[in-house]
Amino acid sequence: MRARHLCVVPFLAAALFGSGGHFEAEAQSNPRVYSYEGRSDWARMPAGRSWGSPTGVKIHPDGRHLWVLERCGDYNGPGCAESDLDPVLLFDADGRLVRSFGGGMFLFPHGIAVDREGNVWVTDGRGGDGKGHIVVKFSPQGEVLLTLGQPGVAGEGRNTLNRPSDVAIAQNGDIFVADGHTGMETNMRIVKYAPDGTYIKEWGRRGSAPGELNGAHGLAFDSRGRLFVADRENNRVQIFDQEGNFVDAWTQFGTPSGLFVTPDDVLYVADYGAGIRIGNARDGRVTGFIAAANWDTQSVRVGESVAVDARGIIYAGENAGMKLMRFEVPR
């Protein structure tokens, strides 16, 4: 496809390459527009398979390979419920498919995480026919290592989940699940488990007060181990410590759907239907923006996930348009 150049609002380069210093001061006093190239043709599916919704993107621990969670060629229909295609895909830096797995295991794959050992965690956001409402831990090769929740059983107990949206793994291996999605027939909580899957605690309930949730759609940790929650329907990012204590809430990142935090605390937020907002995870300053209208003129432009590799290349899952976007500095 023909490459399209993205207009990125001031300070994007400072956000990408670290905050502070002469470069950022210069950008703030003399705002510039940076051109980025957006592509959706870089990652190659096997012959005969087309893209569905790339609902989750995460970087492998090597900083270059990309894990993608994809809904078996569908957007918001039956998803993987009527397919045996593998929803978990690993691509190398050149867009070649390295491996895939998970076929026949999920109804509506929704969130993905990758821990320090390269294990892959997947949430299933629907339930029925003995499947769904679970979180599955895979080895990097696709072996099932752990399951949280009871397949096909929706609940709000210690060992049941209801439409889990995302999962994140702390440095010590503790597991945090955003249990719930938009809608009334779902939970609205964060559940914490030990590395072996033992229930530890939970917090949150439906509402808009500090610490309450309405559609906890994405999770990420910053360098201090604080848990960032994309509280989508409340149009805010909430921050908690790992014991569930409320730290702060930021409304300047739009309608957050997906989150990614770099090791030096640059925060990337997939703003639902708008684009990608970039900021500082330490103080909440918004430093850049990639407008969704520039992604692709044929797209419905609903971005729900974002990740950034060690080279500063940005990846975004454009669900409704069923495109895996890649943005990089033109050479």
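Once a new chain begins, its residue numbering starts again from 1 and follows that chain's sequence as written. It should be noted that, the model being predicted, local features are given only for residues of pLDDT at least 70 and side-chain atom pairs only at 80 or more, the latter also being counted only at that level, while totals for whole chains, interfaces and linings use all residues. Excluding hydrogens and water, the side-chain figures rest on all heavy atoms present in the structure.

Overview of the overall build of the chain
- By the criteria applied, helices consist of DSSP H or I runs no shorter than four residues and strands consist of E runs no shorter than two, each listed in order from the N terminus. Helix and strand counts for the chain come out as two helices and 27 strands.
- In the chain, which comprises 331 residues, the proportion classed as buried is 59%.
- Taking the contacts inside the chain whose residues are at least 6 apart along the sequence as the reference set, 46% of them involve residues at least 24 apart.
- Element-wise, carbon and sulfur atoms account for 47% of the exposed surface of the chain, whose accessible area totals about 13,000 Å². Each residue is assigned to one of three classes by its accessible area relative to the maximum for its type, calculated with a 1.4 Å probe on protein chains only: buried under 20%, partly exposed between the two thresholds, exposed over 50%. Whether two residues are in contact is decided by their heavy atoms: any pair within 4.5 Å suffices. To be clear on the numbers: accessible area is Shrake-Rupley with a 1.4 Å probe, and residue cover counts the displayed protein chains and nothing else.

A word on the sheet that holds strand 15 (residues 189-193)
- Here, strands pair whenever DSSP counts at least two bridges between them. Sheet architecture is open: four strands sit in the order 13-14-15-16, paired in antiparallel fashion. Only two strands of the sheet have a single partner each, and these edge strands are strand 13 (164-169) and strand 16 (199-203). Pairs of neighbouring strands in the sheet enclose a mean axial angle of 20°, with direction left out of account.
- In the sheet, strand 13 pairs with strand 14 (residues 175-179) via five bridges, with the strands oriented antiparallel. The axes used here are C-alpha line fits, helices contributing only the stretch in contact, and every angle between their N-to-C directions lies in the interval 0 to 180 degrees.

Side note on the side chain of D174
- By secondary structure assignment, the location of D174 is in the loop between strand 13 and strand 14.
- With a relative accessible area of 10%, D174 lands in the buried category.

Here we look at the pairing of strand 17 (residues 216-221)
- Where burial is concerned, most of strand 17 is hidden: six out of the six residues are buried.
- Pairing of strand 17 with strand 18 (residues 227-231) involves five bridges; the strand directions are antiparallel. Note on strand 18: the bridge partner recorded for G218 is A230.
- As consecutive antiparallel partners, strand 17 and strand 18 are separated by five residues, and within that stretch G225 has a phi angle of approximately 85°, a positive value.

As for unusual backbone geometry
- Unlike most non-glycine residues, N235 shows phi in positive territory, near 55°.
- Relative to the elements of secondary structure, N235 occurs in the loop between strand 18 and strand 19 (236-240).
- A relative accessible area of 36% places N235 in the partly exposed class.
- Unusually for a residue other than glycine, M322 sits at a positive phi of about 55°.
- You can see M322 is positioned in the loop between strand 26 (314-318) and strand 27 (323-328).

Considerations on the state of the cysteines
- Cysteine sulfur atoms are paired as a disulfide whenever they fall within 2.5 Å. Per the stated rule, a full pass over the model turns up one disulfide.
- Bridging C72 to C80, the disulfide has an S-S length of 2.0 Å. Residues C72 and C80 are joined by a disulfide whose S-S torsion is about 95°; by sign, that bridge is right-handed.
- We classify C72 as buried; its relative accessible area is 8%.
- Relative accessible area serves as the criterion here: at 3%, C80 is assigned to the buried category.

What to know about the side chain of D124
- Here D124 is to be found in strand 8 (residues 120-124).
- Counted charges follow a simple rule, with Lys and Arg positive, Asp and Glu negative, and His plus the chain ends left uncounted. Here, a salt bridge means any Lys or Arg side-chain nitrogen found within 4 Å of an Asp or Glu carboxyl oxygen. Here D124 sits buried without a salt bridge, and the closest side chain of opposite charge, R126, lies 7.4 Å off (N-O distance).
- Ignoring sequence-local partners within four residues, the contact set of D124 consists of M105, F106, L107, F108, P109, G132, H133, I134 and P164.

Some words on the nonpolar core
- Counting residues in hydrophobic clusters, the biggest one holds 27 residues, and the most contacted among them are W51, L66, Y268, I276, I314 and L324.
- Listed by contribution, the elements that provide at least two residues to this core are strand 3 (54-59), strand 4 (66-70), strand 5 (88-91), strand 22 (266-271), strand 23 (275-280), strand 25 (303-308), strand 26 and strand 27.
- Among the nonpolar cores identified, the runner-up in size contains 14 residues, and A168, F176, L219 and V229 belong to it. By convention a nonpolar core is built from buried Ala, Val, Leu, Ile, Met, Phe, Trp, Tyr and Cys residues, the set being connected through side-chain atoms within 4.5 Å.

Some remarks on the pattern of salt bridges
- A complete count under the given rule lists 19 salt bridges for this structure.
- The shortest N-O distance in the salt bridge between R49 and E70 comes to 2.6 Å. Placement of the pair is R49 in the loop between strand 2 (34-39) and strand 3 and E70 in strand 4, with a sequence separation of 21 residues.
- Taking relative accessible area as the criterion, R49 reaches 15% and is therefore assigned buried.
- One salt bridge in this structure joins R277 and D271, with 2.6 Å as the shortest N-O distance.
- On the basis of relative accessibility, which here comes to 22%, the residue R277 falls in the partly exposed class.

Observations concerning the pairing of strand 12 (residues 144-148)
- Two strands pair when backbone bridges link them, and strand 11 (residues 135-138) and strand 12 are joined in this way by four bridges, in the antiparallel orientation. By the bridge assignment for strand 12, V135 is matched with L148.

Quick notes on the confidence of the model for the chain
- A score from 0 to 100, pLDDT tells how confident the predictor is in each residue. With 85% of its residues at a pLDDT of at least 70, the chain reaches an overall mean of 87.
- Under a pLDDT of 50 for its full length, residues 1-35 has, in the predicted model, 75 contacts with residues more than four places off or in other chains.

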